[in-house]
Amino acid sequence: MDDAKLIEAAKSGDKKAFGQLVKQYEQMVYSFSFKICRDKQKADEVLQETFINAYRGLKSFSGNSKFSTWLYRIVTNNCLMMHRKKSHEPVVSLEETDLFKGTEELQVAHWGETPHDAVLNKELKDVLDAAIQKLPVDYRIVFVMRDVEGFSTEEVGKSLKLSVPAVKSRLHRARLFLRNELNEYFTK
Amino acid sequence: MKLVDHKKYLLEICEKVDRDLTSPTCRKLREHLSQCPDCAAYYDSLKKTIVLYRDYDVEMKGSRVKEILAQLDLEEPLHITLPAKHPDLHGDKKRTR
Ligand SMILES: [Zn+2]
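Conventions we followed
Residues numbered from 1 in each chain as written. Chains lettered and ligands numbered in written order. Predicted model: local features only at pLDDT ≥ 70, side-chain atom pairs only at ≥ 80, totals over all residues. Heavy atoms only, no water. Helix = DSSP H or I, 4+ residues; strand = E, 2+ residues; numbered from the N terminus. Buried < 20%, exposed > 50% of the residue type's maximum accessible area, 1.4 Å probe, protein only. Contact = heavy atoms within 4.5 Å. Areas by Shrake-Rupley, 256 points an atom, 1.4 Å probe, with all protein chains shown as cover. Phe/Tyr/Trp six-rings, centres within 6.5 Å; stacked < 30°, edge-to-face > 60°. Lys NZ or Arg CZ within 6 Å of the ring centre and 35° of its normal. Salt bridge = Lys/Arg side-chain N within 4 Å of Asp/Glu carboxyl O. Domains from an automatic or database assignment. Buried area = accessible area lost by both parts, 1.4 Å probe. Axes fitted to C-alpha atoms, helices over the stretch in contact; angles between N-to-C directions. Parallel < 35°, antiparallel > 145°, perpendicular 65-115°, else oblique. Left-handed = near helix turned anticlockwise from the far one by under 90°. Nonpolar A, V, L, I, M, F, W, Y, C, P; charged D, E, K, R; others polar.

Asker: Residue-level account of the overall build of chain B, with values.
Answerer: The helix and strand inventory of chain B stands at 4 helices and 0 strands. Listed by position from the N terminus, the elements making up chain B come as α-α-α-α. Counting only residues that meet the buried cut, chain B has 35% of its 97 residues in that class. Of the contacts made within chain B by residues no fewer than 6 positions apart, 37% connect residues no fewer than 24 positions apart. Summed over its atoms, the accessible surface of chain B is roughly 6600 Å², and 57% of this surface lies on carbon and sulfur atoms.

Take a look at the structure:
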């Protein structure tokens, strides 16, 4: 059965059909959740919550966007909400703080060869996790959607209810920030 | 070379890092990168940053279909009690188990 048929069936209460959809998309949702919260347990929570919300809201899925895009939007909302609940800090935005100070200075450094996919070691993974976790969650989402998952700037804006210039500026800052954080690791 | 001269390229490097630099609009930047080892190194490190995050993926340990469907089953009574306010829906046998 294709997605459209499964969605129609699930809309009328067919849980088996919905289970099929979960099966098809759970790895994608889990992976995206992890890339934002950088914690396997949280990613698992977000995953389950996402599909439960999806089931509840299935009637509002019009089919105008891809089902996967719709799921991404729910994950994004769940991550933002979870972050707000747990951190008590405003999500938007740290632009006035020190976080990005110095990232627009040109710190010259030659990185040499970086490892490829399968050989990312534990130490480097920890460095990558730690660096991105320093970013406010909305910057994280912009970077992951745009640079890692390959969404267009417009799509990212729609998902986060941000204007295109706002997405661009967050992307820009996130890229420079992450690059500077990793700089220490690769030049030490 | 003065730092100021490179700094104006920094923003452009960041903005164009995921684009194809062979396009005509990127000509100036491309030229600069070919002459300036510092900016070239910066461009390279920025690109690598993105690639590293792209390569870092995680696999689920096992499917969560069962847990999710079990949670949805717990919600079922809600769906059943709701139509009680609408006598015209009482004939709906689909939801009874
Ligand atoms: Zn330069």
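Asker: Describe in detail the packing of aromatic side chains, supporting the description with residues and values.
Answerer: All names here are of chain A. Under the definition given, this model contains 12 aromatic pairs over all chains. Connected via pairs of aromatic rings, a cluster forms that spans Tyr-25, Phe-61, Phe-67 and Trp-70. Of note, Arg-170 hangs over the ring of Tyr-139, and the distance from its end group to the ring centre comes to 5.3 Å.

Asker: With reference to specific residues and values, describe unusual backbone geometry.
Answerer: Residue and element names in this part refer to chain A. Non-glycine residue Arg-38 carries a positive phi angle of around 55°. With respect to the helices and strands, Arg-38 occurs in the loop between α2 (15–37) and α3 (40–57). According to the relative accessible area criterion, Arg-38 is buried, its value standing at 6%.

Asker: Kindly report on the pattern of salt bridges, identifying the contributing residues and their values.
Answerer: All names here are of chain B. If you walk through the whole model with that rule in mind, you get 13 salt bridges over all chains. Lys-48 serves as the salt-bridge partner of Asp-44, at 2.9 Å between the closest nitrogen and oxygen. Residue Asp-44 and its partner Lys-48 are located together in helix α3 (residues 37–55), separated by 4 residues, close to a single helical turn. What makes Asp-44 partly exposed here is its relative accessible area of 30%.

Asker: So what about the domain arrangement of chain A? Which residues, and what values?
Answerer: Residue and element names in this part refer to chain A. Structurally, chain A comprises domain 1 (3–86) and domain 2 (94–187). Listed by partner, the interface residues are 12 residues for domain 1 and 13 residues for domain 2. Approximately 1400 Å² of surface area, both sides summed, lies buried where domain 1 meets domain 2, with 64% of it carried by carbon and sulfur atoms. For domain 1, the biggest contributors to the area lost against domain 2 are Lys-35, Ile-36 and Arg-38; these three give 37% of the whole. Here domain 1 and domain 2 share 2 salt bridges between them.

Asker: If you had to explain the environment of Ala-174 of chain A to someone new, which residues and values would you point to?
Answerer: All names here are of chain A. Tracing the backbone through its elements, the reader meets Ala-174 in helix α8 (residues 164–187). C-alpha separation for the pair Ala-174 and Arg-140, spaced 34 residues apart in sequence, amounts to 7.2 Å. Residues contacting Ala-174, with those up to four places away along its chain left out, are Leu-135, Tyr-139 and Phe-143.

Asker: Requested: an account of the packing of α2 of chain A against α3 of chain A, with residues and values cited.
Answerer: Residues and elements named next belong to chain A. Between α2 and α3, the shortest axis-to-axis distance is 8 Å and the interhelical angle comes to 140°. In terms of orientation, α2 and α3 fall into the oblique class. Crossing of α2 over α3 shows right-handed handedness. Residues Lys-15, Phe-18, Leu-21, Val-22, Tyr-25, Glu-26, Val-29, Tyr-30, Ser-33, Phe-34 and Cys-37 of α2 form the contact with α3, whose participating residues are Lys-40, Lys-42, Ala-43, Asp-44, Val-46, Leu-47, Thr-50, Phe-51, Ala-54 and Tyr-55. Of the residues assigned to the contact of α2 with α3, the class counts are 14 nonpolar, 2 polar and 5 charged.

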